[in-house]
Amino acid sequence: MAVPSYYTRGETVAYYALRIFVGLVLLFLISPILAVMPLSFNSESFFTYPMPGYSLKWYEDFFFNPRWSGAVKMSFLVALATTVLATTLGTLAALGLARANFPLKSTMMAILISPMIVPVIISAVGMFSFYAQWNLAATRLGIILAHTALATPFVVITVTATLASFDKTLMRAGASCGAAPHTVFFKVVMPLILPGMISGALFAFVTSFDEVVVVLFLASPEDRTLPLQMFSGIREMISPTITAAATVLVLISTALLITLEMLRRRSERLRGVTA
């Protein structure tokens, strides 16, 4: 993007200096990723540069070793269940907060997004203490419910932001035509807020898929998610398979970010917002 012609020399210098600084910060943040990804193709079981050779054996171990493949399946199972629950609950909560005006509305919103603010270790300890009383600790259901509590705030925020620009007269128009409330929701409301719902669902999926602290407290020895398997591998013995797992996670996260950006642009087009 070119500098506007009316910028002074000082403003021009500040313009480019800011972009250089942002670029350096971005490079600093992604440099560990750039260092780890090539190591996943190392032919030896030790980390060194330059690498003595290249091999795909660590990816083979990641996809075909029962320990790793089982952890991946477990992570996807928990993340998908969490996504469904969090998207449903978060969307309902956002619809209720958007349509109602009551004295404790801000307090209710603060309670709903509190899992994003409270440190995860505190939430994990509290969940373990509560679940132990109900025999939900060391169960798959307990992990799914815990991840749902952590992921729901992301859905609430994204759907609430989408509803902020929603024209509520469309709902009244649908009702005036004799449509039932559920018909108005599925035929009028849901298509317009669907980008926000999908964005929230993707955030919920990533939150569950990458979470490890709560799983450390609630998982049984059989229910090992991928982050827990990676944590255990680092603690017990460092295996190059971890670099392959990290690379796969980076690729998944990148794909989800691209999807979120596409959904954001589609949502802006639906709202008539132009760049």
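Bear in mind the structure is a predicted one, so any value in this text is a computation, not a measurement.

Calculation criteria
- Residues numbered from 1 in each chain as written.
- Predicted model: local features only at pLDDT ≥ 70, side-chain atom pairs only at ≥ 80, totals over all residues.
- Heavy atoms only, no water.
- Helix = DSSP H or I, 4+ residues; strand = E, 2+ residues; numbered from the N terminus.
- Buried < 20%, exposed > 50% of the residue type's maximum accessible area, 1.4 Å probe, protein only.
- Arc of directions from axis to C-beta.
- Phe/Tyr/Trp six-rings, centres within 6.5 Å; stacked < 30°, edge-to-face > 60°.
- Lys NZ or Arg CZ within 6 Å of the ring centre and 35° of its normal.
- Polar contact = N/O pair within 3.5 Å; in protein donor to acceptor, adjacent residues only side chain to side chain.
- Contact = heavy atoms within 4.5 Å.
- Core = buried A, V, L, I, M, F, W, Y, C linked by side-chain atoms within 4.5 Å.
- Axes fitted to C-alpha atoms, helices over the stretch in contact; angles between N-to-C directions.
- Parallel < 35°, antiparallel > 145°, perpendicular 65-115°, else oblique.
- Nonpolar A, V, L, I, M, F, W, Y, C, P; charged D, E, K, R; others polar.
- Left-handed = near helix turned anticlockwise from the far one by under 90°.

**Student:** Give me the lowdown on the overall build of the protein, citing residues and values where you can.
**Tutor:** A count of helices and strands for the protein gives 12 helices and 0 strands. Walking the protein from its N terminus toward its C terminus, one meets helices and strands in the order α-α-α-α-α-α-α-α-α-α-α-α. For the protein, the C-alpha atoms occupy an extent of roughly 70 × 65 × 30 Å along the three principal directions. Here the protein holds 275 residues, and the buried ones make up 36% of them.

**Student:** Describe helix H2 (residues 57-64), naming the residues involved and giving the relevant values.
**Tutor:** Trp58, Tyr59 and Phe62 are the residues of H2 that are buried. Buried residues along H2 cover an arc of 100° about the axis, so they all sit on one side.

**Student:** Quick one: what's the story with the packing of aromatic side chains, residue by residue and with numbers?
**Tutor:** Evaluated as defined, the whole model comprises 11 aromatic pairs. Their ring planes at 80° and their centres at 5.0 Å tell us that Phe62 and Phe63 sit as a pair that is edge-to-face. Residue classification places Phe62 among the buried residues on the basis of a relative accessible area of 2%. Each residue in the set Phe62, Phe63 and Trp68 is aromatic and connected to the rest through ring pairs, giving one cluster. Lying over the aromatic face of Tyr15, Arg19 brings its terminal NZ or CZ to 3.7 Å of the ring centre.

**Student:** I'd like a description of unusual backbone geometry, backed by residues and values.
**Tutor:** Despite not being glycine, Asn135 shows a phi value in the positive range, around 60°. You can see Asn135 is positioned in the loop between helix H6 (120-133) and helix H7 (140-163). Classification of Asn135 as exposed rests on a relative accessible area of 65%. Positive phi, close to 60°, is recorded for Ala138, a residue that is not glycine. Considering the arrangement of structural elements, one finds Ala138 in the loop between H6 and H7.

**Student:** If you had to explain the side chain of Asp223 to someone new, which residues and values would you point to?
**Tutor:** If you trace the backbone, Asp223 turns up in the loop between helix H10 (213-218) and helix H11 (226-236). On the accessibility criterion, Asp223 (8% relative accessible area) is buried. A distance of 3.0 Å separates polar atoms of two side chains, one belonging to Asp223 and the other to Arg140. Every residue in contact with Asp223, bar those within four places of it in the chain, is listed here: Met74, Thr139, Arg140, Ile143 and Leu228.

**Student:** Residue-level account of the nonpolar core, with values.
**Tutor:** Grouped together as the largest cluster of nonpolar side chains are 19 residues, with contacts concentrated most on Phe62, Trp68, Phe209, Leu226, Met230 and Ala245. Of all elements in the fold, only H2, helix H3 (66-99), helix H9 (181-210), H11 and helix H12 (241-270) reach the threshold of two or more residues within this core. Looking at this core element by element, the count peaks at 8 residues for H12. Excluding its chain neighbours within four sequence positions, the residues that come into contact with Leu226 are Phe62, Trp68, Ala71, Val72, Ser75, Phe209, Ala245 and Leu249. Formed by 15 residues, the second largest nonpolar core is a distinct cluster that contains Leu136, Ile144, Val214 and Leu218.

**Student:** Run through the packing of H2 against H3, naming residues and quoting values.
**Tutor:** Here H2 crosses H3 at 60°, and the two axes come no closer than 5 Å. Here H2 lies oblique to H3, going by the angle between them. For the pair H2 and H3, the contacting residues are Asp61, Phe62, Phe63 and Phe64 in the first and Pro66, Trp68, Ser69 and Val72 in the second. Its residues assigned to classes, the contact of H2 with H3 shows 6 nonpolar, 1 polar and 1 charged.

**Student:** Which residues make up the environment of Phe217, and what values go with them?
**Tutor:** When you line up the elements, Phe217 lands in helix H10. Each C-alpha atom, one on Phe217 and one on Val84, is 23 Å from the other, the two residues being 133 residues apart in sequence.

**Student:** How would you sum up the packing of H3 against H7? Please name residues and give values.
**Tutor:** At a minimum axis distance of 6 Å, the contact between H3 and H7 shows a crossing angle of 40°. With respect to H7, the axis of H3 lies oblique. Taken as a pair, H3 and H7 cross one another with a handedness that is right-handed. Of the residues assigned to the contact of H3 with H7, the class counts are 19 nonpolar, 8 polar and 1 charged.

**Student:** An account of the side chain of Thr83 is needed here, citing residue identities and associated values.
**Tutor:** Structurally, Thr83 can be placed in helix H3. We classify Thr83 as buried; its relative accessible area is 13%. A distance of 2.6 Å separates a polar atom in the side chain of Thr83 from the backbone oxygen of Ala79.

So yeah, pure geometry; function would need other evidence.
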